[in-house]
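# Understanding the architecture of this molecule
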Amino acid sequence: MTAPWIAAQLRQLLAQRGHAWLLQGPSGLGQYSLALGMAQAWLCDQPTPDGACGHCESCHQVEVRAHTDLAVLMPETVMLELGWPLGEKAQADIDDKKRKPSKEIRVEAMRDTLEFAQRTSGRGRGKVVLVYPAERMNQVTANALLKTLEEPPGDVRFVLASEAAHQLLPTIRSRCQAHTLAWPTADEAEAWLREEGVPAPAAPVLLRAAGGRPEDALRLHRGGLDARAWSQWPKALVRGDIAAIADWGPAQLVESLQKLCHDLLAVRSGAAPRFFEEADLPPAASVGALTGWWGRLAETSRTVEHPFNAGLMLEDLVAQARAALNSKAYP
Ligand SMILES: [Zn+2]
């Protein structure tokens, strides 16, 4: 179901003109859903001010990921995650283990898209190119897209969705009309999470764990994060009990430790915690130790995708965390 805060933004954007949009803002607010909603509405045979009709032939083709006038440009890992089919050659290469799915938007995919942009629209309602996450273009692909944005073939519209728009070429940003994603209220986000199957008591906890970003909260839920475990692991860690965090992957562990460290620093400076309830945080630690820990976590997060030894890394992270958490605070 379309989240209410996305539906409101969709309505607002569809009322405006523009052949190239950049949807920006932090992850987890629904950039992709909004971009797809726009694409579907632009292609729909009977669009309403609220968006696509949802039952015409064009809408059906979008639903089954087979619309001839819609090109999605994404890293292969994202296409697989979101259920979009890869090109025949790309799929064959991955099936034959010639290479892994790409985490960047590939030059080959960009070439296909530029060819697509030059063709005539199959259904006569123009064509749409959806790029997500746009910051995963490298310099070559970004420059190729820029050329098309500068001299767009008549009937093609672009919607770029980005979770790190500052990483895009400024020339790409300046060619697009920008829209910054709106944050939902906590009530809206929690109601939506419940509709998506998150148990009612867990919804606020997971929303908090995700820093208020509903889609990230849903991902945490689907990844198996238990709300009670989230509330309890910081104090358990201080006691030396790491059962709750032992099976987290290195990336999730580092991110979670960063959230804990962030909140402890926030509390020490008189601000409210963001990811945990204050009552679930261990007692105040020394600001110096927390700051040092923060720096080491930032360093680790840069190499976390390729840990030298995952087991050793976990031990190391836990030791660092406990040292910082048990440091004495001087009020
Ligand atoms: Zn339709």
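The present account deals with the structure reproduced in this document.

Each value, and the rule that gives it
Residues numbered from 1 in each chain as written. Predicted model: local features only at pLDDT ≥ 70, side-chain atom pairs only at ≥ 80, totals over all residues. Heavy atoms only, no water. Helix = DSSP H or I, 4+ residues; strand = E, 2+ residues; numbered from the N terminus. Buried < 20%, exposed > 50% of the residue type's maximum accessible area, 1.4 Å probe, protein only. Areas by Shrake-Rupley, 256 points an atom, 1.4 Å probe, with all protein chains shown as cover. Lys, Arg positive; Asp, Glu negative; His and termini not counted. Charge placed at Lys NZ, Arg CZ, Asp CG, Glu CD. Donors = N, O, S within 2.8 Å, 3.2 Å for Na, K, Ca; no water. Tetrahedral: all angles 85-135°; square planar, octahedral: opposite > 155°, others 65-115°. Core = buried A, V, L, I, M, F, W, Y, C linked by side-chain atoms within 4.5 Å. Contact = heavy atoms within 4.5 Å.

Within the protein one finds 15 helices and 5 strands. Seen through its C-alpha atoms, the protein measures out along the principal axes to roughly 70 × 45 × 35 Å. For the protein, the proportion of its 331 residues judged to be buried stands at 45%. Carbon together with sulfur atoms contributes 51% to the accessible area of the protein, which is approximately 16,700 Å² in total. Taking the 35 positively charged and 39 negatively charged side chains of the protein as two groups, their mean positions are separated by 3 Å.

The zinc ion binds to the protein through Cys44 (SG), Cys53 (SG), Cys56 (SG) and Cys59 (SG), with metal-donor distances spanning 2.3 to 2.4 Å. Here the zinc ion is ringed by 4 donor atoms whose angles at the metal span 100 to 117 degrees, and the overall shape comes out tetrahedral. Sequence spacing among the residues donating to the zinc ion works out to C-x8-C-x2-C-x2-C. Of this pair, Cys44 sits in the loop between helix H2 (31–43) and helix H3 (57–63) while Cys59 sits in helix H3; the two residues are 15 residues apart in sequence, bridging distant segments of the chain. Given the relative accessible area of 0%, Cys44 is considered buried.

This next bit is on the nonpolar core. If you look at soluble globular proteins, the nonpolar side chains tend to sit buried side by side. Judged by nonpolar contacts, the single largest core of 73 residues is most densely connected at Leu130 and Trp293. Contacts of Trp293, omitting those with residues within four sequence positions, involve Leu257, Leu260, Cys261, Leu264, Gln320, Ala321, Ala324 and Leu325. Ala20, Met110, Leu160 and Ala165 belong to the second-largest nonpolar core, a separate cluster that totals 22 residues.

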